[in-house]
Amino acid sequence: MTDTTADPDDLRGRAIESDDSEHNVTFDSGGRTVHGFLKLPPSGSGPGVIVIQEWWGLTTHVADLTRRFAAEGFVALAPDLFGGRTTHDSAEAAGLLEALPVDQAAADLSGAVDYLLERPEVVGDAVSAVGFCMGGGFVLVLAAQQAEKIAKAVPFYGLPSVPQDYRNLKARVLGHYAETDEWLDRADIDAVAEQIARESGQEVTFHFYPAGHAFLNDENLLGTYDAEQADLAWRRTIEFLRDA
């Protein structure tokens, strides 16, 4: 496991300066300092998007996705929910996830939303959120909790770990799921899509791909990366986020 935690005093209130670290900003979460990776688009401003990590932590893959969103014109922020800890071991990742209090993760993500909305580079009064695996579940939780602050929610191969109430969800939802996912049951995915649409009245579209779990992760930690399906899901996501 790698510990990449930086000194909060070195980062507090600092705007993005380089790509040398996956930690280049901090923000407040109920009096706690949380680190994150922020990347601005070439234009210097744009819509905001929260990028929520997999259970491996804020890895180079998540940082690369954050850069890719920025290159597409978004002000992208990946909050570090594990406090600098990353791993390439599934058992260790499961332990990190199990040790993460749900209320702490919710507070950290709420803090990330507020931080992004307060930045002068962010256009609009709401942001979008995209999450992967563990982060895919948190995307839906965040959208349900933050109401009007989340305009669009994009879960990749993830569902909330506990039942949710989606009556306050205001976001349009686009989901990406694998047809041969050993971690998620299709019936559970369909049930969540139906519940979101029924309780929130918002538009919900879930796509299914002929691939395995985490098919977008080109670090290939599970051996399921699929370049063709990853490209399709990415293009659909960018089009969705850009659609007014």
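Residues numbered from 1 in each chain as written. Predicted model: local features only at pLDDT ≥ 70, side-chain atom pairs only at ≥ 80, totals over all residues. Heavy atoms only, no water.

Asker: Even after reading the chapter, I still don't get the packing of helix H4 (residues 102-118) against helix H5 (residues 134-146), so can you show me in this structure?
Answerer: Packed helices, taken two at a time, are described by the angle between their axes plus the distance between the axes. Between H4 and H5, the least distance of the axes is 10 Å, while the angle of their chain directions is 65°. Here H4 lies roughly perpendicular to H5, going by the angle between them. Between H4 and H5 lies a crossing whose hand is right-handed. Contacts between H4 and H5 involve Ala105, Ala106, Leu109, Ser110 and Val113 on the former and, on the latter, Phe138, Leu142, Gln145 and Gln146. By residue class, the composition of the contact of H4 with H5 is 6 nonpolar, 3 polar and no charged. (Axes fitted to C-alpha atoms, helices over the stretch in contact; angles between N-to-C directions. Helix = DSSP H or I, 4+ residues; strand = E, 2+ residues; numbered from the N terminus. Parallel < 35°, antiparallel > 145°, perpendicular 65-115°, else oblique. Left-handed = near helix turned anticlockwise from the far one by under 90°. Contact = heavy atoms within 4.5 Å. Nonpolar A, V, L, I, M, F, W, Y, C, P; charged D, E, K, R; others polar.)

Asker: Please clarify how the nonpolar core should be interpreted in this entry.
Answerer: The nonpolar side chains of a soluble globular protein tend to be buried, and buried together. The biggest cluster of nonpolar side chains holds 45 residues, and the ones touching the most others in it are Ile50, Ile52, Leu77, Leu116 and Phe138. Filtering out sequence-adjacent residues up to four positions away, Leu116 remains in contact with Leu38, Gly48, Val49, Ile50, Val75, Leu77, Val122 and Val127. Counting 30 residues, the second largest nonpolar core, distinct from the first, contains Phe37, Phe74, Val154 and Tyr157. (Core = buried A, V, L, I, M, F, W, Y, C linked by side-chain atoms within 4.5 Å. Buried < 20%, exposed > 50% of the residue type's maximum accessible area, 1.4 Å probe, protein only.)

Asker: Can you walk me through the pairing of strand S9 (residues 172-178) in this structure?
Answerer: Both faces of the sheet carry side chains from a regular strand, because those side chains alternate between them. Most of S9 is tucked away: 7 of the 7 residues are buried. As paired elements, strand S8 (residues 150-156) and S9 share 3 bridges and run parallel to each other. Residue Phe156 lies in a different strand from S9, and its bridge partner there is His176. Inspection of the sheet shows S9 paired to strand S10 (residues 204-209) by 6 bridges, in the parallel sense. Across the sheet, the residue bridging to Ala178 is Tyr209, located in S10. Handedness of the crossover joining S9 and S10 through helix H6 (residues 186-200) is recorded here as right-handed. (Pairing = 2+ DSSP bridges. Right-handed = clockwise from strand over helix to strand, strands pointing away.)

Asker: Quick question: what am I supposed to make of the packing of aromatic side chains here?
Answerer: How two aromatic rings sit relative to each other is set out by the distance from centre to centre and by the angle between their planes. Evaluation of the coordinates by the stated rule reveals 11 aromatic pairs. Members of the aromatic cluster, joined through ring pairs, are Phe132, Phe156, Tyr157, Tyr209 and Phe215. We note Arg68 situated over the ring of Trp234; from NZ or CZ to the ring centre the distance is 4.0 Å. The cationic tip of Arg186 hangs over the ring face of Phe208; the distance from NZ or CZ to the ring centre is 3.5 Å. (Phe/Tyr/Trp six-rings, centres within 6.5 Å; stacked < 30°, edge-to-face > 60°. Lys NZ or Arg CZ within 6 Å of the ring centre and 35° of its normal.)

Asker: Help me understand the sheet that holds S8 in this model?
Answerer: Sheets are built from strands that pair by backbone hydrogen bonding, the pairs being arranged parallel or antiparallel. As summarised here, the arrangement of the 8 strands in space is S2-S3-S5-S4-S7-S8-S9-S10, forming an open sheet in which the pairing is mixed. Looking at the sheet topology across the chains shown, the edges are occupied by strand S2 (25-29) and S10. Each neighbouring strand pair of the sheet contributes to a mean axis angle of 25°, computed without reference to strand direction. Against the sheet, H6 engages S9 and S10, with an angle of about 165° to S10.

Asker: What exactly am I supposed to notice about H5 here?
Answerer: Because each turn of an α-helix spans 3.6 residues, side chains separated by three or four positions end up pointing in the same direction. An ideal rise of 1.5 Å per residue puts 18 Å on 13 residues; H5 measures up with 18 Å between its terminal C-alpha atoms. Burial analysis of H5 places 12 of its 13 residues in the buried class, which makes it a mostly covered element. Regarding H5, the residues found buried are Met134, Gly135, Gly136, Gly137, Phe138, Val139, Leu140, Val141, Leu142, Ala143, Ala144 and Gln146. Immediately beyond the C-terminal end of H5, within one or two residues, lies Ala147, with a positive phi of roughly 50°. (Expected span 1.5 Å × (residues − 1).)

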